[in-house]
Amino acid sequence: MHLLTGFILALLVSALLRATIPERPLLAAILPAVAAAGLLAFFASELLSMEFWAGGVGFVAILSALLVVMHPNPMVSVLFLILHLFCIALFYLMLQAQALAALQVIVYAGAIMVLFVFVIMLLNLRAEEGLRLGGGVQRIGALSVGALFAGLMFWAIRNRRDHPFFAPDALVEGFGTARQLGWLLYGKYLFAFEAASILLLAAMVGAVVLAKRRLQ
Amino acid sequence: MEREVLQVGLEAAIKIALFLFVMLTTVAYMTWVERRVSAWIQDRRGPNRVGPFGLLQPLADGVKFLFKETIVPPFVYKPVYVLAPALIFVPALVTFSVVPFGPTLHAFGRDIRLQIADVDNGILIVLAFASMGVYGVALAGWSSNNKYSLMGGLRSSAQLISYELAMGVAVIGVLMATGSLRLGDVVAHQEAYGWNVLWQLPGFLIFLVAAFAETNRLPFDLPEADSELVAGYHTEYSGMWFSMFYMAEYANMITASALIVTLYFGGYNVPGLRLLGLPEPVAVATQVIAFGLKVAFFLFLYVWVRWTIPRFRYDQLMNLGWKVLLPIGLGHVLWVSFLVLRGWA
Amino acid sequence: MIRVEFFLVMGALLFTIGCVGVLIRRNIIVMLMSIEVMLNAVNLTFVAFAREGQSMTGQIVVFFVMTVAAAEAAVGLAIVIALFRRRRTTDADDASLMRW
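Here the residue numbers are simple positions, counted from 1 along each chain's written sequence. Written order decides the labels, with chains lettered from A and ligands numbered from 1. Residues qualify for local features only when their pLDDT is at least 70, as the model is predicted, and side-chain atom pairs are given and counted only at 80 or more; totals for whole chains, interfaces and linings, by contrast, use all residues.

Visitor: Explanation requested: the overall build of chain B in the structure shown.
Guide: Helix and strand counts for chain B come out as 12 helices and 2 strands. Listed by position from the N terminus, the elements making up chain B come as α-α-α-β-β-α-α-α-α-α-α-α-α-α. Computed over the C-alpha atoms, the radius of gyration of chain B is 21 Å, within 12% of the 20 Å expected from 2.2 N^0.38 for a compact globule of 345 residues. Its C-alpha atoms give chain B principal-axis dimensions of roughly 60 × 50 × 45 Å. Once local pairs closer than 6 in sequence are excluded, the contacts in chain B between residues at least 24 apart make up 78%. Strands here are runs of E lasting at least two residues and helices are runs of H or I lasting at least four, both read from the DSSP assignment and numbered beginning at the N terminus. In this description the radius of gyration comes from C-alpha coordinates, and the expected globular size is given by 2.2 Å times residues to the power 0.38. Contact between two residues is assigned whenever their backbone-derived C-beta positions fall within 7 Å.

Set out below in structure tokens:
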């Protein structure tokens, strides 16, 4: 129930922003503030529940993912992807993965997306004229795979009701902290850690070689 | 439960309001500081007409900017053009929110930590929002739809991410010595073992240089070079928008100074204060003032360096970041690990 | 607390959106971004299960997925730059020399 409230409120705020930002930026700045104040007054108990925020962030995550995929201008897609990555980081915070949330912002939203911005600026990409969606076979294929996937997900989640793997809420002290991550990375998963560093080295060399102007 | 949430919320709201007030006033008065100090360095006077010692000059400047005509060129990409200045300002403010500016105050029946957000991974948050600061500049350059702005934005992004690395490596030294990601613990550790600048001088120098580069201040201000790229990434901004960029740069400077102070100069710590045995409110106030003075010193240093050292060329800049600072940083990490193993820091 | 199923459904939904993005869009950069959306959906699922099973292994996997995603984005974008230099286009349909 709280989830739904979160969803709906995020929907309203997004609609307000969309309606006001291009023409009247000042209004777009004031309206969400007023909405937030109104929220605080009327829905105080909702604000306390994590589910409300999960619903709100969830809506924004889905909306921004949709816009990444659908917007004709690649730079705007990048901006929405950054927003999406922030939402995922917030999800990690809700799931007791604090170190991963910060790492997500540092690595994904702060470095990988900068790479994307760079490339778009270097190549000076413009908005595409018209989104030419694929033809007949592609569309049928996409729809059927989507339906199959949805069915699979529905069945998998339905199945959990008979075999719940839900453990009680009490977590070991320090779950999700950087310290725990560090212990595991340098202990049990040391080989994978070193292999990942070699992978990054290979990727670095590859990227430099591929993007060079002329191989001497 | 609700009452406690209300209390916590009120406490946070008061801290935030206080912080914003102090920050924005400081940003405004940094313009005055800049002009007076630069005048002093250049053997002239600086603003001294508007109010005693020209102290009302920032107000006059603010009024001037408000009345300036804001010309928004028709060919810019409006949504991103409007968003870009905010994207530079916000990371600076958020980063400052995890910096402790005083010890724990016992008042109103509760322990008030003088830090807006006492999170367990403060250093990671600092690094995270430092990397978010790249976007404002890059997007300002891109949305202006102007070759010079684009070049300025591109160069600035490259500079910012290069020096982010050096900054991170320097911070690793502090992290290893402290053993915890919380900035409150960093300050406490320095209280026990001595200020980090004494043990980790190379790391401090790296962080200082990287902080200069991250805030786009001379000698690293090629992206906004007034004589090179017209005005770099903020060419197409005028009036209120331009002043937003200006203020955002000062906000970044303040945050960077606060970070340097917290990580290397003991934060709010005053050596030997405990020996004096002062009553608690006085001790807390002294430490907060000490923090302010240290940050003020580094702001002065920023202005001093700006008017003393010439600008780096772009290839010199990138060279410094990758080929000089990064190896020194890695060597520094070795040095700090040696210190930590011996138990000296 | 929030039920874990919420995050699983969210992950599945986001994965689908990313998948559709890869299939529908022709701009290579947007395709790469859709791949990132898919990777993040998978990461979310991993973290949700890590929380539920109280095992840090899920988070370690996410760490490595992030690393690999970074490497893949870097190399992918380098390829896009190289392609653009030759053909002045970022349209995936135009890079069709080796198609049957």
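Now that the structure has been shown, the text picks up again.
Visitor: I would appreciate a short explanation of the overall build of chain C in the present structure.
Guide: When helices and strands are tallied, chain C shows 3 helices and 0 strands. Scanning chain C from its N terminus toward the C terminus, one meets helices and strands in the order α-α-α. Computed over the C-alpha atoms, the radius of gyration of chain C is 17 Å, more than 25% above the 13 Å expected from 2.2 N^0.38 for a compact globule of 100 residues. Buried residues in chain C amount to 53% of all 100 residues. Put plainly, a residue is buried at 20 or more neighbouring C-beta atoms within 10 Å of its own, exposed at 12 or fewer, and partly exposed in between, counting only other residues' C-beta atoms, which are placed from the backbone.

Visitor: So what exactly am I meant to see when it comes to the interface of chain A and chain C here?
Guide: It is common to give the size of an interface as the accessible area lost on bringing the parts into contact. Facing 69 residues of chain A, the contacting portion of chain C comprises 59 residues. Looking at the side of chain A that touches chain C, the elements with two or more residues in it are α4 (50-70), α5 (74-94), α6 (98-123), α7 (136-159), α8 (178-186) and α9 (190-211) of chain A. No other element matches the 12 residues that α6 of chain A contributes to the side of chain A that touches chain C. A class-by-class count of the residues in the side of chain A that touches chain C yields 55 nonpolar, 10 polar and 4 charged. Under the scheme applied here, ten amino acids are nonpolar (Ala, Val, Leu, Ile, Met, Phe, Trp, Tyr, Cys and Pro), four are charged (Asp, Glu, Lys and Arg), and all others, including Gly, are polar.

Visitor: I tried to follow the confidence of the model for chain C on my own but got confused; where do I start?
Guide: Interpretation of the predicted coordinates at a detailed level should be avoided for regions scoring low in pLDDT. Here chain C shows a mean pLDDT of 87. Residues at 70 or above account for 97%. Here the complex is predicted with pTM 0.90, and the ipTM for its interfaces comes to 0.92. In predicted models, pLDDT denotes the confidence assigned by the predictor to each residue on a 0 to 100 scale.

Visitor: Explanation requested: the environment of Val8 of chain B in the structure shown.
Guide: Residue position: Val8 of chain B is located in helix α1 (residues 2-41). Once the C-alpha coordinates of Val8 of chain B and Ile112 of chain B are considered, the two residues, 104 residues apart in sequence, prove to be 9.6 Å apart.

Visitor: Teacher, can you tell me more about the packing of α5 of chain A against helix α2 (residues 28-53) of chain C here?
Guide: Geometry of a packed helix pair, given as the angle between the helix axes and the separation of the axes. With their axes 11 Å apart at the nearest point, α5 of chain A and α2 of chain C run at an angle of 5 degrees to one another. Judged by the inter-axis angle, α5 of chain A sits roughly parallel to α2 of chain C. Contacts from Pro74, Ser77, Val78, Leu81, His84, Leu85, Ile88, Phe91 and Tyr92 of chain A in α5 of chain A reach Ile29, Val30, Met33, Glu36, Val37, Asn40, Leu44 and Val47 of chain C in α2 of chain C. Tallied by class, residues from the contact of α5 of chain A with α2 of chain C come to 13 nonpolar, 3 polar and 1 charged. Every angle, taken between N-to-C directions, lies between 0 and 180 degrees, and every axis is a line fitted to C-alpha atoms, over only the stretch in contact when it is a helix. For classification purposes, angles smaller than 35 degrees are called roughly parallel, those larger than 145 roughly antiparallel, those between 65 and 115 roughly perpendicular, and all remaining angles oblique.

Visitor: Help me understand the nonpolar core in this model?
Guide: A general trend in soluble globular proteins is that nonpolar side chains are found buried together. Residues of type Ala, Val, Leu, Ile, Met, Phe, Trp, Tyr and Cys that are buried and joined through C-beta atoms within 7 Å form what is called a nonpolar core. In terms of nonpolar packing, the biggest core is built from 176 residues, with Met113 and Phe116 of chain A together with Phe207 and Ala210 of chain B touching the most fellow members. With 18 residues, the single largest contributor to this core is α6 of chain A. Met113 of chain A has contacts with Val78, Leu81, Ile82 and Tyr108 of chain A, leaving out every residue within four places of it along the chain.

Visitor: Looking at this model, I keep getting lost on the interface of chain B and chain A. Mind explaining?
Guide: Each side of the interface is counted separately: chain B has 23 residues, and chain A has 20 residues. Going through the elements one at a time, α1, α3 (78-96), α4 (122-143) and α5 (147-178) of chain B are the ones with two or more residues in the side of chain B that touches chain A. Here the side of chain B that touches chain A takes 9 residues from α4 of chain B, the largest share from any one element.

Visitor: What is the right way to look at the arrangement of the chains in this model?
Guide: Taken together, the 2 pairs of chains in contact show their highest number of contacts between chains A and C. One thing to see here is that chain B and chain C don't touch, and their nearest C-alpha atoms sit 14 Å from each other.

Visitor: What's the story with α5 of chain B in this structure? I'm lost.
Guide: Since the α-helix packs 3.6 residues into each turn, any two residues three or four apart lie on the same face. Residues and elements named next belong to chain B. A helix is expected to span 1.5 Å for every residue after the first. Over its 32 residues, α5 runs 46 Å from end to end, which matches the ideal 46 Å to within 8%, given 1.5 Å per residue. Among the 32 residues in α5, 23 count as buried, and that is most of the element. With its phi angle positive at about 80 degrees, Gly179 sits one or two positions after the end of α5.

Visitor: Just checking my understanding: could you explain unusual backbone geometry for this structure?
Guide: The bulk of non-glycine residues show a negative phi, and the bulk of peptide bonds are trans. Non-glycine residue Gln96 of chain A carries a positive phi angle of around 60 degrees. The backbone of Asp43 of chain B shows a phi angle near 60 degrees, a positive value even though the residue is not glycine. Tracing the backbone shows Asp43 of chain B in the loop between α1 and α2 (57-67). What makes Asp43 of chain B exposed here is the crowd of 6 C-beta atoms within 10 Å.

Visitor: I'm lost on the pairing of strand β2 (residues 110-113) of chain B in this one. Help?
Guide: Note on strand geometry: in a regular strand, side chains alternate between the two faces of the sheet. All names here are of chain B. As defined by bridge partners, strand β1 (residues 104-107) adjoins β2 across 4 bridges and the pair is classed as antiparallel. When the bridges of β2 are listed, Thr104 appears paired with Arg113. At least two DSSP bridges between two strands are needed for those strands to be called paired. The turn joining β1 and β2, which pair antiparallel and follow one another in sequence, is formed by 2 residues; a positive phi near 55 degrees is taken by Phe108.

Visitor: Would you mind showing me how to read the packing of α5 of chain B against helix α8 (residues 201-214) of chain B here?
Guide: All names here are of chain B. Packing of α5 against α8 brings their axes to within 8 Å, and their N-to-C directions diverge by 150 degrees. When the axis of α5 is compared with that of α8, the two are roughly antiparallel. Crossing angle aside, the handedness with which α5 passes α8 is left-handed. Contacts from Gln159, Leu160, Tyr163, Glu164, Ala166, Met167, Ala170, Gly173 and Val174 of α5 reach α8 at Gly203, Ile206, Phe207, Ala210, Ala213 and Glu214. Across the contact of α5 with α8, the residue classes break down as 10 nonpolar, 3 polar and 2 charged. The hand of a helix crossing depends on one turn: near helix anticlockwise from the far one by less than a right angle means left-handed, and clockwise means right-handed.

Visitor: Explanation requested: the environment of Glu11 of chain B in the structure shown.
Guide: Examined against the element boundaries, Glu11 of chain B turns out to sit in helix α1. As for Glu11 of chain B and Glu214 of chain B, which are separated by 203 residues in sequence, their C-alpha atoms are 32 Å apart.

Visitor: So what exactly am I meant to see when it comes to the environment of Tyr193 of chain B here?
Guide: Structurally, Tyr193 of chain B can be placed in helix α6 (residues 183-193). Given 16 C-beta atoms within a 10 Å radius, Tyr193 of chain B is considered partly exposed.

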